[in-house]
Amino acid sequence: METLERILAQHQFFKELSPEYLTLVTGCASNVRFEQDQNIFRVGEEANQFYLIREGRIALQLFSPDRGHITVETLSEGDILGWSWLIPPYYYVFDAKVLDVTRAIALDGKCLRRKCEEDHNLGYELLKRFSSLLEHRLETTRLQLLDLYGVRS
Amino acid sequence: MLPRPFVIKKVRRETEDTFTVELDPREGRSRFDFLPGQFNMLYVYGVGEVPISISGDPAGSTLVHTTRAVGTVTKAMAKLRRGDVIGVRGPFGTSWPVAEARNKDVVFVAGGIGLPPLRPALYEILSHRESYGKVVLLYGTRTPSDILFKDELEQWRARFDLEVFITVDRASSGWRGNVGVVTTLIQKAGFDSRNTLAMIVGPEVMMRFTALEFMKRGVNDNSIYLSMERNMKCGIGLCGHCQFGPVFICKDGPVFRYPQIKDLMVKWEI
């Protein structure tokens with residue numbers, strides 16, 4: 001049987017995390033499932049979780065009164081959803097809406113923050129991983145902003 | 001060097017500003033031999049000549065080109081109808097390494113109007129499908145309405161031996177597909193990085209970041225190919241219009257192995 005710890009260990013995000021820290025992280029993890037069109041979180045809600053998507057697809061959206069729900073990015077298998085749990089004041093700034101039925105591992109941000117405060121090495125390990133994630137998302141967002149496929153005028 | 005007259009057999013509008021023309025030679029044998037990735041110089045009589053990559057099946061009976069109506073010549077071309085005549089010189093340039101890709105996983109990455117130059121290679125590989133490992137097409141466009149070859153993409157998606165992922169940079173309401181740049185799809189492709197060949201076409205910045213993403217995932221840079229575009233005029237490396245450092249895109253390209261040009265791609269002086 002696949003245990004949560006084993007699933008986390010095999011995920012790229014936790015690659016090379018020591019078994020000791022993996023056990024600590026697993027203590028804050030749980031399996032979750034979301035149905036199509038369900039909102040996992042909404043703008044302004046307290047950010048107490050992040051998710052490792054195992055299956056399914058999620059749209060990160062913003063609502064604009066004149067344009068409705070605008071999808072800025074979609075995430076799917078292997079992706080990480082949510083980093084607001086890590087950065088004060090810990091509120092989500094996008095809506096996360098389920099496009100296809102999604103299975104994920106939810107990680108309790110409050111629980112992880114507490115463990116990171118107690119053990120700064122764990123905090124550093126997690127921050128290294130989130131920095132890399134943020135760098136990647138920033139890079140792809142910048143490319144999106146370049147509007148590369150638009151016709152040059 | 002003289003253009004051969006070809007008759008337009010069919011014109012198909014792909015998107016608001018993109019169209020496909022099917023051509024038959026006015027005289028002589030009908031078959032037009034070319035290698036996937038090559039381009040022709042298309043001449044709209046009285047207007048001018050432009051390089052356009054071939055987008056049809058190398059085994060097909062007609063010559064097929066797909067382009068965007070963006071300049072004087074292509075805008076004039078977009079107004080041509082069935083029965084009109086167009087001049088063709090070619091085929092020119094290097095081709096996609098479909099033979100080298102045998103027994104490997106093959107990942108095609110197209111950005112925007114980059115899908116047409118890749119399509120002949122995809123046809124070729126699909127017609128000898130058993131000779132290749134996993135075959136994946138990653139396609140990114142600006143918006144959902146810019147997606148080319150929609151019907152064909154649906155057919156490809158229905159195949160069990162080809163994986164197709166599409167993403168858009170800007171979603172319209174009602175779009176339930178992927179949103180994000182095409183490089184984000186690479187991690188979804190699930191290829192064997194030690195035995196993968198990548199073929200990339202799109203804007204240069206997109207191709208460069210795509211190549212980097214493949215390398216980040218362990219693909220050797222010698223197994224990454226991309227197709228370049230410059231102001232090709234003569235098609236045979238004489239006029240110098242498409243000179244790119246020490247190479248001519250029309251003769252030494254348009255298809256290059258990434259290490260051949262990676263240093264040139266970041267030199268804005270050339």
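Structure: above.
Residues numbered from 1 in each chain as written. Chains lettered and ligands numbered in written order. Predicted model: local features only at pLDDT ≥ 70, side-chain atom pairs only at ≥ 80, totals over all residues. Heavy atoms only, no water.

Novice: Now, about the overall build of chain A: what can you tell me, with residues and values included?
Specialist: Across its full length, chain A holds four helices and six strands. Projected onto its principal axes, the C-alpha coordinates of chain A cover approximately 55 × 30 × 30 Å. Here chain A, with 153 residues, has 48% of them falling under the buried criterion. Accessible surface, chain A as shown: approximately 8,400 Å² in total, 51% of it carbon and sulfur. Between the averaged position of the 18 positive side-chain charges in chain A and that of its 23 negative side-chain charges there is a distance of 1 Å. (Helix = DSSP H or I, 4+ residues; strand = E, 2+ residues; numbered from the N terminus. Buried < 20%, exposed > 50% of the residue type's maximum accessible area, 1.4 Å probe, protein only. Areas by Shrake-Rupley, 256 points an atom, 1.4 Å probe, with all protein chains shown as cover. Lys, Arg positive; Asp, Glu negative; His and termini not counted. Charge placed at Lys NZ, Arg CZ, Asp CG, Glu CD.)

Novice: An account of the nonpolar core is requested, with residue identities and associated values reported.
Specialist: Residues and elements named next belong to chain B. In this structure, Leu-138, Ile-200, Phe-214 and Met-228 are the most contacted members of the largest nonpolar core, which totals 36 residues. If near-sequence neighbours (up to four positions away) are discounted, Leu-138 is found in contact with Val-107, Phe-108, Val-109, Ala-110, Phe-165, Val-182, Leu-185, Ile-186 and Ala-189. Among the nonpolar cores identified, the runner-up in size contains 33 residues, and Ile-147, Leu-148, Ile-166 and Tyr-225 belong to it. (Core = buried A, V, L, I, M, F, W, Y, C linked by side-chain atoms within 4.5 Å. Contact = heavy atoms within 4.5 Å.)

Novice: How would you sum up the interface of chain B and chain A? Please name residues and give values.
Specialist: Much of the literature gives interface size as the accessible area that the parts lose upon coming together. Each partner contributes residues to the interface: chain B has 28 residues there, and chain A has 24 residues. Of the roughly 2,300 Å² buried between chain B and chain A on both sides combined, carbon and sulfur atoms contribute 50%. If you sort the residues of chain B by the area they bury against chain A, B:Arg142, B:Arg176 and B:Val179 come out on top, with a joint share of 24%. For the interface between chain B and chain A, the tally reads four salt bridges. Measuring nitrogen to oxygen at the nearest pair gives 2.7 Å for the salt bridge that ties B:Arg142 to A:Asp147. Where chain B touches chain A, the interface holds 13 residue pairs in polar contact (both at pLDDT 80 or more). Among the elements that make up the side of chain B that touches chain A, the one with the highest residue count is helix α4 (residues 204-216) of chain B (five residues). (Buried area = accessible area lost by both parts, 1.4 Å probe. Salt bridge = Lys/Arg side-chain N within 4 Å of Asp/Glu carboxyl O. Polar contact = N/O pair within 3.5 Å; in protein donor to acceptor, adjacent residues only side chain to side chain.)

Novice: Describe a nonpolar patch on the surface, with residues and values.
Specialist: On the surface, B:Met1, B:Ile236 and B:Leu238 cluster together to form a nonpolar patch covering roughly 340 Å² of accessible area. Tracing the backbone through its elements, the reader meets B:Met1 in the segment before β1 (4-15). (Patch = residues over 30% accessible without salt bridge, like charges linked within 9 Å, V, L, I, M, F, W, Y side chains within 5 Å.)

Novice: Quick rundown of the packing of helix α3 (residues 109-118) of chain A against helix α4 (residues 120-145) of chain A? Include the residues and the values.
Specialist: Packed helices, taken two at a time, are described by the angle their axes make and the gap between the axes. Residues and elements named next belong to chain A. The geometry of α3 relative to α4 is characterised by a closest axis approach of 5 Å and an angle of 125° between their N-to-C directions. The orientation of α3 with respect to α4, classified from their angle, is oblique. Contacts from Leu-112, Lys-115, Cys-116, Glu-117 and Glu-118 in α3 reach His-120, Leu-122, Gly-123 and Leu-126 in α4. Residues of the contact of α3 with α4, tallied by class, amount to four nonpolar, two polar and three charged. (Axes fitted to C-alpha atoms, helices over the stretch in contact; angles between N-to-C directions. Parallel < 35°, antiparallel > 145°, perpendicular 65-115°, else oblique. Nonpolar A, V, L, I, M, F, W, Y, C, P; charged D, E, K, R; others polar.)

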